[in-house]
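Letter by letter, the chains look like this.
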Amino acid sequence: MSGHSKWNNIKRKKEKTDGQRAKIFTKIGREMSVCIKAGGPDPAVNGKLRDLIAKAKSLNVPNDNIQRIIKKAQGGEKDDYESITYEGYGPNGIAMMVETLTDNRNRTAGNLRHYFDKFGGNLGNNGCVGFLFSEQGVIVLDVEGKDEETVMEDAFHAGADDFDMADDVAEITTSPAAFSEVRQALENKGYSFISAEVAMVPSTRTALTDPDALKNMGLLLDHLEDDDDVQNVWHNLENEEDLDR
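About the thresholds
- Residues numbered from 1 in each chain as written.
- Predicted model: local features only at pLDDT ≥ 70, side-chain atom pairs only at ≥ 80, totals over all residues.
- Heavy atoms only, no water.
- Helix = DSSP H or I, 4+ residues; strand = E, 2+ residues; numbered from the N terminus.
- Buried < 20%, exposed > 50% of the residue type's maximum accessible area, 1.4 Å probe, protein only.
- Contact = heavy atoms within 4.5 Å.
- Areas by Shrake-Rupley, 256 points an atom, 1.4 Å probe, with all protein chains shown as cover.
- Phe/Tyr/Trp six-rings, centres within 6.5 Å; stacked < 30°, edge-to-face > 60°.
- Polar contact = N/O pair within 3.5 Å; in protein donor to acceptor, adjacent residues only side chain to side chain.
- Pairing = 2+ DSSP bridges.
- Axes fitted to C-alpha atoms, helices over the stretch in contact; angles between N-to-C directions.

(A) Examining the overall build of the protein chain more closely. Along the protein chain, the regular secondary structure elements total 8 helices and 8 strands. Within the protein chain, the proportion of its 245 residues that are buried is 46%. Sequence separation of 24 or more characterises 71% of the internal contacts of the protein chain that already satisfy a separation of 6 or more. As displayed, the protein chain offers around 12400 Å² of accessible surface, 45% of which is attributable to carbon and sulfur atoms.

(B) A look at the packing of aromatic side chains. Tallied over the entire structure, the rule returns 1 aromatic pair. With 6.4 Å between their ring centres and 55° between their planes, Phe156 and Phe163 make a pair best called tilted.

(C) Structural view of the environment of Asn122. If you trace the backbone, Asn122 turns up in strand β3 (residues 122–123). The sequence separation of Asn122 and Gly88 amounts to 34 residues, and the corresponding C-alpha distance is 5.8 Å. Setting aside its immediate chain neighbours within four residues, Asn122 contacts Gly88, Tyr89, Phe116 and Asp117.

(D) Summary view of unusual backbone geometry. Despite not being glycine, Asp167 shows a phi value in the positive range, around 50°. The backbone of Asp168 shows a phi angle near 65°, a positive value even though the residue is not glycine. For Asp168, the location among the structural elements is in the loop between β5 (162–166) and β6 (169–174). Using a relative accessible area of 36% as the deciding quantity, one classes Asp168 as partly exposed.

(E) A look at the side chain of His235. Counting through the fold element by element, His235 comes out in strand β8 (residues 230–235). Within polar-contact distance, the side chain of His235 engages the backbone nitrogen of Leu237 at 3.1 Å. Within the structure, the side chain of His235 is placed 3.3 Å from the side chain of Glu240, a separation counted as a polar contact. Among all residues touching His235, those that are not within four sequence positions of it are Ile94, Ala95, Met96, Phe133, Pro202, Arg205, Met217, Leu221 and Glu240.

(F) Expanded view of the sheet that holds β5. Ordered by their spatial adjacency, 4 strands build an open sheet running β5-β6-β4-β7, and the pairing between neighbours is antiparallel. Whereas interior strands pair on both sides, the edge strands pair on one side only; in this sheet they are β5 and β7 (192–202). Direction aside, the axes of adjacent strands within the sheet are offset by 20° on average. As judged from the 6 bridges shared by strand β4 (residues 133–142) and β6, these two strands associate in the antiparallel manner. Each residue of the ladder has a partner; that of Gly137, found in β6, is Thr174. The sheet strands contacting helix α6 (residues 148–158) are β5 and β6, and the helix crosses β5 at an angle near 155°.

Below, the structure written as structure tokens:
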């Protein structure tokens, strides 16, 4: 995938996210609630919560909403969510990992199996594709008008492992352990975040050329992302910009 296509795709993802604000708010709220139950409501102590608050802000969640989520979680919600990651194959063998938070694993597994079957894939066993992915911190910055050398210097000084920049967007990768520190250092420098999260990054990518496979892959991703139980979808499709979404 060319760099130009990659950055355009990132911008389209951002536009799509903005157009689905209510659903995004619900999902980040659920993730924050689980985090608060595990580590407490104080972001100064709970580093994971601090990162999630930054993620929420990058997704344009208003501060009032964030504070309501924290207060609601402190009050003790009745729902008890568990984190389950599913693995499978999309059309033409595209490797996929689906991260969920659910209060009903039978419902979630049934829905995911239906989506995969309907759009030319199949839900697999744990470990079937996980070895193709590694956990990395991924920070994407809006760097319009900024000097590339300066941004790169700030990123590596903060502790980044890798850096790439084009079309006013910079992508910075870190180890999972260094993610919070790097994100905080860049926030302190005043950078604007498009996204910032610990992601499952594929070691290799596969391109789809068949029009039907591309259509089905787009439909599969749409259905997964629209499911309330699904938090994140990772895949090794190389040419995601060719999907009609």
